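Structural characterization, general
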Amino acid sequence: MIKGILFDKDGTLIDFFSLWMGAAKAVVIQFLKENELSEEVKERVFYAMGIENGEIDPYGGLAYKSYSEIALDITDELSREQIYLDSRKVRMQLERLFAEYVTESQAQYVETADIKAVLDSLKQRNIWIGLATADTVPSAKNCLERLEVLEKFDYVGADDGVLRPKPEADMFLEFQNKFGLKPQEIAVVGDTYNDIRFARENGGVAIGVLSGVSREADFCGEADYILNSVGELPQLLEQI
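The structure contained in this document is the topic of the report that follows.

Rules and cut-offs
Residues numbered from 1 in each chain as written. Predicted model: local features only at pLDDT ≥ 70, side-chain atom pairs only at ≥ 80, totals over all residues. Heavy atoms only, no water. Helix = DSSP H or I, 4+ residues; strand = E, 2+ residues; numbered from the N terminus. Expected span 1.5 Å × (residues − 1). Buried < 20%, exposed > 50% of the residue type's maximum accessible area, 1.4 Å probe, protein only. Arc of directions from axis to C-beta. Contact = heavy atoms within 4.5 Å. Polar contact = N/O pair within 3.5 Å; in protein donor to acceptor, adjacent residues only side chain to side chain. Axes fitted to C-alpha atoms, helices over the stretch in contact; angles between N-to-C directions. Parallel < 35°, antiparallel > 145°, perpendicular 65-115°, else oblique. Left-handed = near helix turned anticlockwise from the far one by under 90°. Nonpolar A, V, L, I, M, F, W, Y, C, P; charged D, E, K, R; others polar. Salt bridge = Lys/Arg side-chain N within 4 Å of Asp/Glu carboxyl O. Phe/Tyr/Trp six-rings, centres within 6.5 Å; stacked < 30°, edge-to-face > 60°. Pairing = 2+ DSSP bridges.

Taking 1.5 Å per residue, 16 residues should reach 22 Å; helix α5 (residues 87-102) reaches 22 Å between its end C-alpha atoms and fits that length. Buried within α5 we find V90, Q93, L94, L97, F98 and V102. Buried residues in α5, looked at end-on, bunch into an arc of 140°, giving them a common side. Packing partners of the buried residues in α5 comprise α1 (16-34), α2 (42-49), α3 (61-64), α4 (67-79) and α7 (137-146). Between the side-chain oxygen at the start of α5 and the backbone nitrogen of R88 there is a gap of 2.8 Å, and the oxygen is on D86.

Encoded structure:
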């Protein structure tokens, strides 16, 4: 029986593309300017982030990695062009630039379903509700506040500089221990294969959603259940 659910954020609760593609384009332009890099390496930076020809790679950094991991990918890629940057500085730049963009009033948070209705349904079942995201804590909470659902979350797991990113066990174990749950009583709901790994490797139930960067094939047959969006979650819980 599922007693707790850990949601991914981007692509799961909110539309990934309407927010993060615009954010990535704006951030890369400013990133090049701040580091006095030429336009010639712009595509290299996009590629390191997991964007190629305007398409997001579901296995690429922007789809699921933390800023620290994306920073390493960027510095590794640029080093091939004999451009050497400090990955710690790059991480701080990325955190600041993305935070500035996503907290702007014009930044769009488009829900993938009626999130309030879904969360209310879970509350009626006495299910603990958590978030497990690669985003930073302030950015994650800002998003939930903008959606007016922050108070419905019993746990917010995000990049605080201490917790290791998914699929490492840190957020799963913190959520599990906080509410005295068994691993098999926790479902992870996410739009990337990394979310499925996060569930599988920690003994949870893996639920993939097709509202983000992944297609059904990207879940590699590893997900226990695949939904079009989190809007179908209450119905799934009825069935299982």
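Axis separation between α1 and α2 bottoms out at 10 Å; the angle between their running directions is 130°. One way to sum up the angle between α1 and α2 is to call them oblique. Crossing geometry of α1 relative to α2 is assigned as right-handed. Where α1 approaches α2, its residues A24, K25, V28, F31 and L32 are matched on the opposing element by K42, V45, F46 and M49. Taken together, the residues of the contact of α1 with α2 sort by class into seven nonpolar, no polar and two charged.

Under the defined criterion, the tally for this structure stands at 23 salt bridges. With a shortest N-O distance of 3.2 Å, E95 and R91 are connected by a salt bridge. Taken together, the residues span about one helical turn, with E95 and R91 both in helix α5 at a distance of four residues. E95 sits in the partly exposed class, given a relative accessible area of 24%. With relative accessibility at 24%, the residue R91 sits in the partly exposed group. The closest approach of N and O atoms between D218 and R215, which form a salt bridge, is 3.8 Å. Overall, R215 belongs to the exposed group, its relative accessible area being 61%.

Aromatic ring pairs are described here by two measures, namely the spacing of the ring centres and the angle between the planes. Tallied over the entire structure, the rule returns eight aromatic pairs. Look at W128 and F179: their rings are 4.2 Å apart centre to centre, the planes differ by 15°, and that puts the pair in the stacked class. Of this pair, W128 sits in strand β4 (residues 128-136) while F179 is found in helix α8 (residues 170-179), placing the two residues 51 residues apart along the sequence. For W128, a relative accessible area of 34% translates into the label partly exposed. Accessibility expressed as a relative area gives 16% for F179, which makes it buried. Between Y155 and F175 the ring centres are 5.7 Å apart and the planes differ by 50°, which places this aromatic pair in the tilted class. Here Y155, found in strand β5 (residues 155-159), pairs with F175, found in helix α8; they are 20 residues apart in sequence, far enough to count as distant. Taken together, the ring pairs in this structure connect W128, Y155, F175 and F179 into an aromatic cluster.

An α-helix turns once per 3.6 residues; consequently, residues spaced three or four apart project the same way. Within helix α9 (residues 193-201), the full set of buried residues consists of N194, D195, I196, F198 and A199. For α9, the secondary structure elements touched by its buried residues are β1 (4-7), α3, β4, α8, β6 (186-190) and β7 (205-209). Positive phi shows up at G203, right after α9, with a value of about 85°.

In a beta sheet, neighbouring strands are held together by backbone hydrogen bonds and run either parallel or antiparallel to one another. The six strands are arranged β5-β4-β1-β6-β7-β8 in an open sheet whose pairing can be described as parallel. With partners counted over all chains shown, the strands left at the sheet margins are β5 and β8 (225-227), one partner each. In this sheet, adjacent strand axes meet at a mean angle of 20° when their direction is disregarded. Of the strand pairs in this sheet, β4 and β5 are connected by four bridges, and their pairing is parallel.

Of the consecutive residues K166 and P167, the connecting peptide bond is found in the cis state with omega at 10°. With a phi close to 55°, E36 is a non-glycine residue in the positive phi region. Assessed through its relative accessible area of 74%, E36 is described here as exposed. The residue N53 is not glycine, and still its phi comes out positive at about 55°. Along the polypeptide, N53 turns up in the loop between β2 (51-52) and β3 (55-56).

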